[in-house]
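# Summary of structural features
Here is what each chain is made of, one letter per residue.
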Protein chains: 2
Amino acid sequence: MSASPPAIVLVRPQLGENIGQAARAMLNFGLTDLRLVAPRDGWPNPAAGPAASGADVVLAHARVFATVADAVADCGDVLATTVRRRGLSLPALAPDTAAERIRVAPVATAVLFGPERSGLETDDVASATAILTVPINPGFGSLNLAQAVMLVAYEWSRKEALFSPTVRDDLEPPAPFAELEGFIAQLDAALDRAGYFHPPDRTPTTRQTIRTILTKPGWSSSEVRQLRGMLRAITEPRPPRRN
Amino acid sequence: MSASPPAIVLVRPQLGENIGQAARAMLNFGLTDLRLVAPRDGWPNPAAGPAASGADVVLAHARVFATVADAVADCGDVLATTVRRRGLSLPALAPDTAAERIRVAPVATAVLFGPERSGLETDDVASATAILTVPINPGFGSLNLAQAVMLVAYEWSRKEALFSPTVRDDLEPPAPFAELEGFIAQLDAALDRAGYFHPPDRTPTTRQTIRTILTKPGWSSSEVRQLRGMLRAITEPRPPRRN
């Protein structure tokens, strides 16, 4: 069985040209799963096609989502590309290490790329299990979107022919992201009812921290189910039983 | 002694934009020695600067030569990038192998890139000691000049210690085990009060599973504290506040 190629997720991309160039960069190295989160100028974008230089098949199958969570719902691992380190406690991977991780992952990995000008927001990064950073000239870091996509695609493709997966086959795969989202929503509701989110102005930061803590483990579906069951038991205790 | 960075030689480049983008791609990965052989529109080219996005230092020091032989006169090794195999009996190297060869070469290596439309002529390739080929999707090979330059620069920089990412330097270490034990005990008590451990004969297995789920993440001390706070909030809700 061959490794799952990663999904390339462009988060709030601004220019159609850059979407087209990213598609071209992907197809050069065999990637075809392009996902767009809230593209600024809508979709389809007439500027994308000419910039794709023939990679129309990638654009034709691109899917649009309203949120990052929707876009990665079927993925078991989420990597956030960023040049700046964040305050978040996530491991940072170089592209070759990330490619190795993608290659041995039992389910598809999503790789997030931020808007051209600003990069990913902290909220977007909080959904990720690791950061992907391209080691770059510290005095001149100026990769454009398509170039960053290309490096990830290139690294992924490098060992494709040689690769035979042998690692992690005895582990349960991480749950699809949507299942983890369900647990996070359940916990959030319980905390909200308990008056945990106080003061209100710190709530967004608190929610980011919670998300970081819970995306870190890479729990399997059965583990997420068990956690949901525990939380339900605590928040809705049954009457004492007599055995 | 550190390895000599390669010279990037653009042979008969056509568009100033592409020369500028190549300079930008180079500087991202620490290369600065740009050489132009008979640029179609002369040199300097006013379109190059804006496309370089700040890599002006590379353009300012670019040197122009009439022939490939002149451009590589001071180099000890010459690699010709090409997507097509030629009739020439030269070894073909992937970018990572080429980068290793450049790194161990006792004198500087020149890497030749052909004109945008046509690539290197057979005459140009004949000056080279090896061919550098990017392994690309056989059904869609569409790397532009700057992207090809970037991959060579990227591969060269990969093992330069200078550019290694500072991995995990600001990651908090996992909490001492006793702290995690405290959280597990708190959760266990809450689950017990909630009647979760039922039937009794399955309780040891359930406790093992919970322990497996909670030791997996490697949470830091502050993360464990936050989790304990959440659990306390849920099990001991405060009265509603008035803000």
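Quantities reported herein were computed from a predicted structural model and do not represent experimental measurements. (Residues numbered from 1 in each chain as written. Chains lettered and ligands numbered in written order. Predicted model: local features only at pLDDT ≥ 70, side-chain atom pairs only at ≥ 80, totals over all residues. Heavy atoms only, no water.)

## A word on the packing of helix α8 (residues 177-193) of chain A against helix α10 (residues 221-235) of chain A
Residue and element names in this part refer to chain A. This is how the line gets drawn: Axis definition: a line fitted to C-alpha atoms, limited for helices to the stretch in contact. Angles are taken between N-to-C directions and run from 0 to 180 degrees. Every helix listed is a DSSP run of H or I at least four residues long, and every strand listed is a run of E at least two residues long, numbered separately from the N terminus. Orientation categories follow fixed angle ranges, with anything under 35 degrees roughly parallel, anything over 145 roughly antiparallel, 65 to 115 roughly perpendicular, and all other angles oblique. Helix crossings are classified by the rotation of the near helix relative to the far one: an anticlockwise turn of less than a right angle makes the crossing left-handed, while a clockwise turn makes it right-handed. Contact between two residues is taken to exist if any of their heavy atoms lie within 4.5 Å; hydrogens are not considered. Just so you know the grouping, Ala, Val, Leu, Ile, Met, Phe, Trp, Tyr, Cys and Pro go in nonpolar, Asp, Glu, Lys and Arg go in charged, and all remaining residues, Gly too, go in polar.
The interhelical angle for the contact between α8 and α10, taken along N-to-C directions, is 15°, at an axis separation of 9 Å. The orientation of α8 relative to α10 falls into the category roughly parallel. Crossing geometry of α8 relative to α10 is assigned as left-handed. On α10, the residues touching E179, L180, G182, F183, Q186, L187, A190 and R193 of α8 are S221, V224, L227, R228, L231, R232 and T235. Taken together, the residues of the contact of α8 with α10 break down into 7 nonpolar, 4 polar and 4 charged.

## So, the pattern of salt bridges
Where we set the bar: The term salt bridge refers to a side-chain nitrogen of Lys or Arg lying within 4 Å of a carboxyl oxygen of Asp or Glu. The classification of residues rests on relative accessible area computed with a 1.4 Å probe and restricted to protein chains. Under 20% of the type maximum is buried, over 50% is exposed, and intermediate values are partly exposed.
Scanning all chains against the criterion turns up 24 salt bridges over all chains. Of the charged contacts, one joins R63 of chain A and D33 of chain A as a salt bridge, the two residues approaching to 3.4 Å between their closest N and O atoms. With R63 of chain A in strand β3 (residues 63-65) and D33 of chain A in the loop between α1 (16-28) and β2 (34-37), the pair connects residues that are 30 residues apart, well separated along the chain. We classify D33 of chain A as partly exposed; its relative accessible area is 23%. Across the salt bridge formed by E100 of chain A and R103 of chain A, the nearest N and O atoms sit 2.8 Å from each other. One end of the pair is E100 of chain A and the other is R103 of chain A, both in helix α5 (residues 95-104) and 3 residues apart, which spans about a single turn. When salt bridges that share partners are traced, they join D96, E155 and R158 of chain A together with D96, E155 and R158 of chain B into one network.

## Considerations on the pairing of strand β4 (residues 77-81) of chain A
The side chains of a regular strand alternate, first on one face of the sheet and then on the other. Residues and elements named next belong to chain A. Definition in use: One requirement defines pairing of two strands: DSSP has to find at least two bridges between them.
Taken across its 5 residues, β4 has 5 buried, putting it largely inside the fold. Where burial is concerned, the two faces of β4 agree: the one with D77, L79 and T81 and the one with V78 and A80 are both buried. The pairing of β4 with strand β6 (residues 109-113) spans 4 bridges and is classified as parallel. Its bridge partner being in β6, V78 is matched across the sheet by A110.

## Topic: the sheet that holds strand β5 (residues 92-93) of chain A
Residue and element names in this part refer to chain A. Taken together, the 7 strands give an open sheet; going across it, the order is β3-β2-β1-β6-β4-β7-β5, and neighbouring strands pair in parallel fashion. The sheet terminates laterally at β3 and β5, the two strands that pair on one side only. The strands touched by α1 are β1 (7-11) and β2; relative to β2, the strand with the most contacts, the crossing angle is about 155°. Here helix α7 (residues 145-158) sits on the sheet and contacts β1, β6 and β7 (130-132); the angle it forms with β6, its principal contact strand, is near 155°.

## A look at α10 of chain A
Given 3.6 residues per helical turn, the α-helix brings residues three or four places apart onto the same face. The condition that has to hold: Each residue after the first adds 1.5 Å to the expected span of a helix.
Compared with an ideal rise of 1.5 Å per residue, which puts 15 residues at 21 Å, α10 of chain A spans 21 Å between its outermost C-alpha atoms and is within 8% of the ideal. Residues of α10 of chain A that are buried include every one of S221, E223, V224, L227, G229, M230, L231, A233 and I234 of chain A, and no others. Each element contacted by the buried residues of α10 of chain A is listed here: α8 of chain A together with α8 (177-193), α9 (203-215) and α10 (221-235) of chain B.

## Considering the interface of chain B and chain A
Heads up, the rule is: The quantity reported as buried area is the accessible area (1.4 Å probe) lost by two parts once they are put together, taken as the sum for both.
Counting residues at the interface gives 65 residues for chain B and 65 residues for chain A. Buried area between chain B and chain A, both sides added, is near 5500 Å², and the carbon and sulfur share of it is 60%. Seen at the junction of chain B and chain A, the total is 4 salt bridges. Across the salt bridge formed by R158 of chain B and D96 of chain A, the nearest N and O atoms sit 2.6 Å from each other.

## A look at the packing of aromatic side chains
Operational definition: Only rings of Phe, Tyr and Trp enter the pairing, Trp through its six-membered ring, and a pair is recorded when the two centres are within 6.5 Å. The plane angle decides the type: under 30 degrees is stacked, over 60 is edge-to-face, the rest tilted.
On inspection of all chains with the given rule, the structure shows 8 aromatic pairs over all chains. A centroid spacing of 6.4 Å and a plane angle of 75° characterise the contact between F183 of chain A and W219 of chain A, whose relative ring orientation is edge-to-face. In this pair, F183 of chain A is assigned in helix α8 and W219 of chain A in the loop between α9 (203-215) and α10, connecting sequence segments 36 residues apart. For W219 of chain A, a relative accessible area of 5% puts it in the buried group. Both rings, one in F29 of chain B and one in Y154 of chain B, keep their centres 5.4 Å apart while their planes meet at 75°; by these two values the pair is edge-to-face. Here F29 of chain B, found in the loop between α1 (16-28) and β2 (34-37), pairs with Y154 of chain B, found in helix α7 (residues 145-158); they are 125 residues apart in sequence, far enough to count as distant.

## A look at unusual backbone geometry
The omega angle of the peptide bond from W43 of chain A to P44 of chain A is 0°, so this bond is cis rather than trans. In this structure, P199 of chain A follows H198 of chain A across a cis peptide bond, with omega equal to 0°. Relative to the helices and strands, P199 of chain A resides in the loop between α8 and α9. Positive phi, close to 45°, is recorded for A38 of chain B, a residue that is not glycine. In this fold, A38 of chain B is placed in the loop between β2 and α2 (48-52).

## Points about the sheet that holds strand β1 (residues 7-11) of chain B
Residues and elements named next belong to chain B. Across the sheet, 7 strands lie side by side as β3-β2-β1-β6-β4-β7-β5; this open sheet has parallel pairing. Strands at the two margins of the open sheet, each flanked by one partner only, are β3 (63-65) and β5 (92-93). The strands touched by α7 within the sheet are β1, β6 (109-113) and β7 (130-132), with β6 carrying the most contacts at an inclination of about 155°.

## Section: α9 of chain A
Taking 1.5 Å per residue as the helical rise, α9 of chain A with its 13 residues ought to reach 18 Å, and the 18 Å between its terminal C-alpha atoms agrees with that figure. Taken together, the buried positions of α9 of chain A are occupied by T203, T206, Q208, I210, R211, T212, I213, L214 and T215 of chain A. Contact partners of the buried residues in α9 of chain A: α6 (122-126) and α8 of chain A together with α10 of chain B.

## Examining the nonpolar core
Our working definition: Take the buried residues of types Ala, Val, Leu, Ile, Met, Phe, Trp, Tyr and Cys, join any two whose side-chain atoms come within 4.5 Å, and each joined set is a nonpolar core.
Core analysis: the largest hydrophobic core is formed by 75 residues, its most contacted members being L10 and L34 of chain A together with L10 and L34 of chain B. Those residues in contact with L34 of chain A that lie beyond four places of it in its chain are I8, L10, I19, A23, M26, V58, L59, H61, A62 and R63 of chain A. Formed by 58 residues, the second largest nonpolar core is a distinct cluster that contains V125, F183 and L191 of chain A together with F183 of chain B.

## As for the environment of Y154 of chain A
This is how it is decided: A 3.5 Å cut-off defines polar contacts: any pair of N or O atoms within that distance qualifies, except that in protein one atom must be a possible hydrogen donor and the other a possible acceptor, and neighbouring residues in sequence count only when both atoms are side-chain atoms.
A residue is classified by how much of its surface remains accessible, and Y154 of chain A, at 2% relative accessible area, is buried. In sequence terms Y154 of chain A and G30 of chain A are 124 residues apart; their C-alpha atoms lie 8.8 Å from each other. Those residues in contact with Y154 of chain A that sit more than four places away from it in its chain are F29 of chain A together with P95, D96, V134, L151, Y154 and E155 of chain B. A distance of 2.6 Å separates polar atoms of two side chains, one belonging to Y154 of chain A and the other to E155 of chain B.

These values are about where atoms sit, not about what they do.
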